Number of protein chains: 2
Amino acid sequence: MNSNIESHSHHISKQFNVELEDVKNQLLEMGGVIERQIADAMQSLLDGDSGLAAQVLSVEDRIDAMEISIDEECSLILARRHPAASDLRLVLGVIKAVRDLERMGDESAKVARMAIKLSEEGEFSQGHVEFRHLADSVTKMVSAALDAFARYDAEAALEVVRADVAVDMIYGSVMRSLITYMMEDPRSITRVLNMLWALRALERIGDHAKNIAEHVIYLVKGMDVRHEKLEVVEDQLEELLGD
Amino acid sequence: MNSNIESHSHHISKQFNVELEDVKNQLLEMGGVIERQIADAMQSLLDGDSGLAAQVLSVEDRIDAMEISIDEECSLILARRHPAASDLRLVLGVIKAVRDLERMGDESAKVARMAIKLSEEGEFSQGHVEFRHLADSVTKMVSAALDAFARYDAEAALEVVRADVAVDMIYGSVMRSLITYMMEDPRSITRVLNMLWALRALERIGDHAKNIAEHVIYLVKGMDVRHEKLEVVEDQLEELLGD
């Protein structure tokens, strides 16, 4: 699909290749842990399973340790290997993506905490359908962003950027309907608010998936697409992919 | 106060010094713009001044451009100069801090958008006292974090990390009182929610100030304090400062 995949495999130092592959693999491994966290946090909320939610919270330390370890390995590569061009972009991309993954972990923990609160407050299924809908979309975004990173696939990454627009629309519409519900039944305020916080955490997980996708586009194409309007990104990418 | 300040000023290449100073100054300049944004966003909400809020929103593009420009300059330094030790930590610290500043800008924009909504919905002063209180604390944190970066002052940075604990407590108590108010007067739900989102944005600005402070501790002391309990950080820093 693109020539940058090969460019990472021709270094004078074989050890350098190993190190680059290693941080990338560590990032993807952390990504796998985060995907599990997100899925468990969502499930704990939908099933009112506070045991599963507690399990999500117990993994946080491990994620923090992964973040610090990957960050340190990237610093070492920069200090010792002086990477340039696409190698440098890969290392910087990993440094940035690892932070997004850690934040996704934080947001999953928020969902888990809301799951515990909601299960303490007793049966409450308002917003579940919408939560599941948003959860499915966000889960797909996260998985697609990590796949795009694994395969250095800028086109797939652009799909993730596109998907975020749809997720934000679903989020906006769910919020409005829950707020209406809360106004009609003020006794539900506390529980609806907990659901709102959980939904907001999902929406932010989607934002971080979009960020990772943008890092992929940058590392593959050397093009910084943050803050660009989607159409502009598509035009620029089309030109680049057309080469 | 500490020896790392000097270590940045003894390079074989004078031009290298200039470049390092330059990205640092660009970061601090961006910090100044963000401080102004935060102050204006807060004021627009308290005064119901949607003109001022619109002005905050109009500066977003300039902030995005600053982020990208600083990021690119850091990449160039890494590619050309191969910084090591404290110089490398400075460049990586700038790359990380610039992202936090940009997020602070995003959160200020959220406050400004809430200010516009609140002013459209008519007179509503519920939560103003608490908003101002939280705003003052957060403003001080941001300013202190940037000062600590400017002076490579790890002790001052630790104060910022400490302050975040207090800000989170204020935030929690304000949230509870506003939710109680909303339950007592359900007609206020929409407006209280807008105030809640604005308060949450403030709290997140405080989080980002804490992040910047942690980057300062890392760049000065080479110590990664993210995710550490505050007491552990203090003990470690005491040991390091005692040297």
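Just above sits the structure.
A brief structural summary. In this text, all values refer to a predicted model and were calculated from it rather than measured experimentally.

Right, let's get into the packing of helix α2 (residues 14-47) of chain B against helix α6 (residues 128-150) of chain B. Residue and element names in this part refer to chain B. For the pair α2 and α6, the least separation of the axes is 11 Å and the interaxial angle reads 175°. Here α2 lies roughly antiparallel to α6, going by the angle between them. Contacts between α2 and α6 involve Lys24, Leu27, Leu28, Gly31, Glu35, Ile38, Met42, Leu45 and Leu46 from the first element and His128, Phe131, Arg132, Ala135, Val138, Thr139, Val142, Ser143, Leu146, Phe149 and Ala150 from the second. The residue inventory of the contact of α2 with α6, partitioned by class, reads 13 nonpolar, four polar and three charged.

So, about the nonpolar core. By size, the foremost hydrophobic cluster in this structure holds 169 residues, and its most contacted members are Phe131(A), Leu193(A), Phe131(B) and Leu193(B). Contact partners of Leu193(A), with chain neighbours within four places excluded, come to Met182(A), Ile179(B), Met182(B), Leu193(B) and Leu196(B).

Its identity as a non-glycine residue notwithstanding, His82(A) has a phi of 45°, on the positive side. Within the element layout of this structure, His82(A) appears in the loop between α4 (60-81) and α5 (85-120). For His82(A), a relative accessible area of 31% translates into the label partly exposed. The phi dihedral of Ala85(B) falls on the positive side, at around 45°, and the residue is not glycine. Checked against the element boundaries, Ala85(B) lands in helix α5 (residues 85-120). Assessed through its relative accessible area of 53%, Ala85(B) is described here as exposed.

So, on to the relation of the copies chain B and chain A. Its rotation angle being 180°, the transformation that places chain B on chain A also includes 0.0 Å of axial translation and leaves an RMSD of 0.0 Å. The operation mapping one copy onto its partner corresponds to a two-fold rotation axis. Both copies present the same face, since 100% of the interface residues in chain B are matched by interface residues at the equivalent positions in chain A.

How each quantity is defined
Residues numbered from 1 in each chain as written. Chains lettered and ligands numbered in written order. Predicted model: local features only at pLDDT ≥ 70, side-chain atom pairs only at ≥ 80, totals over all residues. Heavy atoms only, no water. Axes fitted to C-alpha atoms, helices over the stretch in contact; angles between N-to-C directions. Helix = DSSP H or I, 4+ residues; strand = E, 2+ residues; numbered from the N terminus. Parallel < 35°, antiparallel > 145°, perpendicular 65-115°, else oblique. Contact = heavy atoms within 4.5 Å. Nonpolar A, V, L, I, M, F, W, Y, C, P; charged D, E, K, R; others polar. Core = buried A, V, L, I, M, F, W, Y, C linked by side-chain atoms within 4.5 Å. Buried < 20%, exposed > 50% of the residue type's maximum accessible area, 1.4 Å probe, protein only. Least-squares fit on C-alpha atoms with pLDDT ≥ 70 in both.

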